[in-house]
Amino acid sequence: MNTVTKKTKVEPDGWLKVQAPPELENQEVDVIIVPQRPPAGERLATWRSVSDEIQSLPSSKAITDEDIQQEIDDYRARR
């Protein structure tokens, strides 16, 4: 079975339109919708923004490296 990949955009009303190759005419096909991932640079910028926001919270200032290590050790001990 040959797989055909087509790119399209979902319309504002939720519909999408794809034209299949002629050899698939009158055949039942499965359609899988896979959203495109944002580019790596955009994902990284978002991650950094979230990290900066979390680190700037007052409660984050009270957490020490020792607190983090203790939580990791506690978690691993429960396995």
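Conventions used here
Residues numbered from 1 in each chain as written. Predicted model: local features only at pLDDT ≥ 70, side-chain atom pairs only at ≥ 80, totals over all residues. Heavy atoms only, no water. Helix = DSSP H or I, 4+ residues; strand = E, 2+ residues; numbered from the N terminus. Rg over C-alpha atoms; globule rule 2.2 N^0.38 Å. Areas by Shrake-Rupley, 256 points an atom, 1.4 Å probe, with all protein chains shown as cover. Lys, Arg positive; Asp, Glu negative; His and termini not counted. Charge placed at Lys NZ, Arg CZ, Asp CG, Glu CD. 1 Å grid on protein atoms, 1.4 Å probe; cavity = no way out; pocket = protein on both sides within 12 Å on 5 of 7 lines; lining within 4 Å. Points joined across faces, edges and corners; volume = space filled by probe spheres on them. Nonpolar A, V, L, I, M, F, W, Y, C, P; charged D, E, K, R; others polar. pLDDT = per-residue confidence, 0-100. Buried < 20%, exposed > 50% of the residue type's maximum accessible area, 1.4 Å probe, protein only. Patch = residues over 30% accessible without salt bridge, like charges linked within 9 Å, V, L, I, M, F, W, Y side chains within 5 Å. Salt bridge = Lys/Arg side-chain N within 4 Å of Asp/Glu carboxyl O.

1. A closer look at the overall build of the chain
Then, number 1: The helix and strand inventory of the chain stands at three helices and zero strands.
Then, number 2: Reading the helices (α) and strands (β) of the chain from amino to carboxyl end gives α-α-α.
Then, number 3: In terms of overall size, the chain is more extended than a compact globule, its C-alpha atoms giving a radius of gyration of 24 Å where 79 residues would be expected to give roughly 12 Å.
Then, number 4: Seen through its principal axes, the chain has C-alpha atoms that stretch 65 × 35 × 25 Å.
Then, number 5: With the model as given, the accessible surface of the chain reaches about 8400 Å², and the carbon-plus-sulfur share is 54%.
Then, number 6: Here the chain carries 11 positive and 15 negative side-chain charges, and the mean point of each set is 5 Å from the other.

2. Some remarks on the layout of surface pockets
Then, number 1: Considered as a void within the structure, the largest pocket measures approximately 1100 Å³ in volume.
Then, number 2: Contributing to the lining of the largest pocket are 26 residues, with Val4, Lys6, Asp30, Val31 and Ile32 lying nearest its centre.
Then, number 3: Here the lining of the largest pocket is composed, by residue class, of 14 nonpolar, seven polar and five charged.

3. So, the confidence of the model for the chain
Then, number 1: Per-residue confidence for the chain gives a mean pLDDT of 92, with 99% of residues at or over 70.
Then, number 2: Least confident of the elements in the chain is helix H2 (residues 58-61), whose mean pLDDT is 86; most confident is helix H1 (residues 40-55), at 95.

4. Considering unusual backbone geometry
Then, number 1: Of note, the phi angle at Asn26 is positive, near 65°, even though the residue is not glycine.
Then, number 2: Structurally, Asn26 can be placed in the segment before H1.
Then, number 3: Note on Asn26: relative accessible area 76%, which makes it exposed.

5. Comments concerning a nonpolar patch on the surface
Then, number 1: A cluster of nonpolar side chains, namely Val10, Leu16, Val18, Val29, Val31 and Ile33, defines an oily patch on the protein surface of about 540 Å² accessible area.
Then, number 2: Along the chain, the position of Val10 falls in the segment before H1.
Then, number 3: On the basis of relative accessibility, which here comes to 51%, the residue Val10 falls in the exposed class.

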